[in-house]
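Spelled out, the chains give:
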Amino acid sequence: MSEKQLEKDQIALVTGASRGIGKAIAKALSRTGRFVYLNYNSNREKAENTLKEIINHGGRAQLLQFNVSSRKESEKAIKQIIKQKGQIDILVNNAGIRDDMLMVWMKQENWQNVLDINLTGFFNVTRLTVKHMLPKRFGRIVNISSASGQTGQAGQVNYSASKAGLIGGATKALAREVAKRDITVNAVAPGFIETDMTDDLKVKEITKTIPAGRLGKPEEVAAAIVFLCSKDAGYITGQVIGINGGIV
Ligand code: NAP
């Protein structure tokens, strides 16, 4: 079977696909012919826009609302995919938030909420997904970490901890557990990317610190993920790919 046909038969789930980087990833995966489940939490209108754009370009996709920080909701969603399609080949753990402040001002809830969505969300969605990938002897998992998880960032103790956790445990440890079954687990660590998440930042100031002299585009993150999900990337696992214009 040709690689193109193989990709057409694949089922992908992208968490946080209503906007920003997740939207670009979902669109890029759908352009390769894969069926893409578009997860979102609360922004149904934006999620519907993503779906419309994919359908208008001849792609196949379906909305799947759930909160990744809820284990019950996440596992129900994975079961729904398995019931409808019988498999799940690609998982992109992209859903994430930030809630920045200096640690001395940080309350337990500011810490917990970021960890619950960014890191426990990975566990909630991935555990059952991997269980279904193992007997199929194929899988591609990509976790969206961050440059903040590599270097640490003042004002982001909670966010940096969650994103570093995605690299160490979520990516490197799991990669070792499943490598023999042709399941790869990698992380991408974006720098500053133009999305709602960076909307409130002082772009002029930040740009001065980026060797490339500009913020990145969601599509530039998506391109790396499409490659990591390909058959050709089967020997790349447990790695972290920086997409950051040179800041790390
Ligand atoms: P964004 O524009 O704020 O979008 C966040 C996405 O995550 C939305 O689709 C949102 O859904 C979803 N989401 C949030 N909480 C959720 C939950 N509890 N359950 C399910 N979905 C949830 O963010 P982005 O910039 O595209 O960021 C995407 C990922 O890249 C995040 O993990 C972020 O940490 C990481 N990242 C971003 C940058 C950057 O510069 N932008 C840099 C490094 C890493 P709703 O629309 O329904 O709220």
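Here, the structure is the one placed above.
Attention in this report is confined to the structure presented alongside it. Since the model is a prediction, treat every value here as computed from it, not as a measurement. (Residues numbered from 1 in each chain as written. Predicted model: local features only at pLDDT ≥ 70, side-chain atom pairs only at ≥ 80, totals over all residues. Heavy atoms only, no water.)

## Focus: the overall build of the protein
Then step 1. Looking only at helices and strands, the protein has nine helices and seven strands in total.
Then step 2. Relative to a compact globule of 248 residues, whose C-alpha radius of gyration would be 18 Å, the protein shows 17 Å and is just as compact.
Then step 3. Each principal axis of the C-alpha atoms in the protein carries an extent, and together these give about 50 × 35 × 35 Å.
Then step 4. Every one of the 248 residues in the protein was classed for burial, and the buried ones make up 48%. (Helix = DSSP H or I, 4+ residues; strand = E, 2+ residues; numbered from the N terminus. Rg over C-alpha atoms; globule rule 2.2 N^0.38 Å. Buried < 20%, exposed > 50% of the residue type's maximum accessible area, 1.4 Å probe, protein only.)

## Brief notes about helix α2 (residues 20-31)
Then step 1. A rise of 1.5 Å per residue sets the reference length of α2, with its 12 residues, at 16 Å; its end C-alpha atoms lie 17 Å apart and thus fit the reference within 8%.
Then step 2. Residues of α2 that are buried include every one of Ile-21, Gly-22, Lys-23, Ala-24, Ile-25, Ala-26, Ala-28, Leu-29 and Ser-30, and no others. (Expected span 1.5 Å × (residues − 1).)

## Some remarks on unusual backbone geometry
Then step 1. We note that Arg-137 has phi near 55°; this positive angle belongs to a residue other than glycine.
Then step 2. Structurally, Arg-137 can be placed in the loop between α5 (108-136) and β5 (139-144).

## Observations regarding the site of the ligand
Then step 1. Within the structure, the ligand sits among 32 residues, and Ser-18, Ser-42, Asn-94, Tyr-159 and Thr-195 are positioned closest to it.
Then step 2. One nitrogen or oxygen atom from the main chain of Asn-43 is found 2.8 Å from an oxygen atom belonging to the ligand.
Then step 3. Taking Ile-193, its main chain carries an N or O atom lying 2.8 Å from an oxygen atom of the ligand.
Then step 4. Contact with the protein chains removes 95% of the 900 Å² of surface that the ligand exposes when unbound.
Then step 5. Using a 2 Å cut-off from the grid points, one finds that the ligand occupies the largest pocket.
Then step 6. Listing elements by their share of the shell around the ligand, those giving two or more residues are α2, β2 (35-40) and α7 (157-178).
Then step 7. Each residue belonging to the shell around the ligand can be placed in one class, and the counts come to 14 nonpolar, 15 polar and three charged. (Near = heavy atom within 4 Å. Polar contact = N/O pair within 3.5 Å; in protein donor to acceptor, adjacent residues only side chain to side chain. Areas by Shrake-Rupley, 256 points an atom, 1.4 Å probe, with all protein chains shown as cover. 1 Å grid on protein atoms, 1.4 Å probe; cavity = no way out; pocket = protein on both sides within 12 Å on 5 of 7 lines; lining within 4 Å. Sits in = over half its atoms within 2 Å of the grid points. Nonpolar A, V, L, I, M, F, W, Y, C, P; charged D, E, K, R; others polar.)

## Digging into empty space enclosed by the protein
Then step 1. Under the defined criterion, the tally for this structure stands at two cavities of 30 Å³ or more.
Then step 2. The space that makes up the largest cavity amounts to roughly 80 Å³.
Then step 3. Contributions of two or more residues to the lining of the largest cavity are made by α5 and α7.
Then step 4. Here the element with the most residues in the lining of the largest cavity is α5; it accounts for four residues.
Then step 5. Taken together, the residues of the lining of the largest cavity break down into six nonpolar, five polar and one charged.
Then step 6. What the second largest cavity holds in volume is close to 40 Å³.
Then step 7. Lining the second largest cavity, in full, are Lys-27, Ser-30, Arg-31, Glu-53, Ile-54 and His-57.
Then step 8. With three residues, the single largest contributor to the lining of the second largest cavity is α2.
Then step 9. The residue inventory of the lining of the second largest cavity, partitioned by class, reads one nonpolar, two polar and three charged. (Points joined across faces, edges and corners; volume = space filled by probe spheres on them.)

## Focus: the sheet that holds β2
Then step 1. Sheet architecture is open: seven strands sit in the order β3-β2-β1-β4-β5-β6-β7, paired in parallel fashion. The open sheet has two edge strands with one neighbour each: β3 (60-65) and β7 (240-243). Across the sheet, the mean angle from the axis of one strand to that of its neighbour is 20°, orientation sign disregarded.
Then step 2. Bridge count between strand β1 (residues 11-14) and β2: four bridges; the pairing is parallel. Counterpart to Val-14 in the pairing with β2 is Leu-38.
Then step 3. Relative to strand β6 (residues 183-190), α7 is tilted by about 160°, and along the sheet it contacts β5, β6 and β7.
Then step 4. Contacting β4 (90-93), β5, β6 and β7, helix α9 (residues 218-228) crosses the sheet at an angle of about 165° to β6. (Pairing = 2+ DSSP bridges. Axes fitted to C-alpha atoms, helices over the stretch in contact; angles between N-to-C directions. Contact = heavy atoms within 4.5 Å.)

## Things to note about the environment of Ala-24
Then step 1. Topologically, Ala-24 is positioned in helix α2.
Then step 2. Overall, Ala-24 belongs to the buried group, its relative accessible area being 7%.
Then step 3. Filtering out sequence-adjacent residues up to four positions away, Ala-24 remains in contact with Pro-218, Glu-219 and Ala-222.

## Observations regarding the layout of surface pockets
Then step 1. The space that makes up the largest pocket amounts to roughly 1100 Å³.
Then step 2. Contributing to the lining of the largest pocket are 45 residues, with Gly-96, Ile-97, Arg-98, Tyr-159 and Met-197 lying nearest its centre.
Then step 3. If you list the elements that add at least two residues to the lining of the largest pocket, you get α2, β2, α6 (147-151), α7 and α8 (203-209).
Then step 4. Of the residues that constitute the lining of the largest pocket, the class distribution is 19 nonpolar, 21 polar and five charged.
Then step 5. Its volume calculated, the second largest pocket comes out at about 180 Å³.
Then step 6. Lining the second largest pocket are Lys-4, Lys-8, Ser-30, Arg-31, Thr-32, Gly-33, Arg-34, Ile-54, His-57, Gly-58, Gly-59 and Arg-60.
Then step 7. Those elements that provide at least two residues to the lining of the second largest pocket are α1 (3-8) and α2.
Then step 8. Along the lines of polarity and charge, the residues of the lining of the second largest pocket split into one nonpolar, six polar and five charged.

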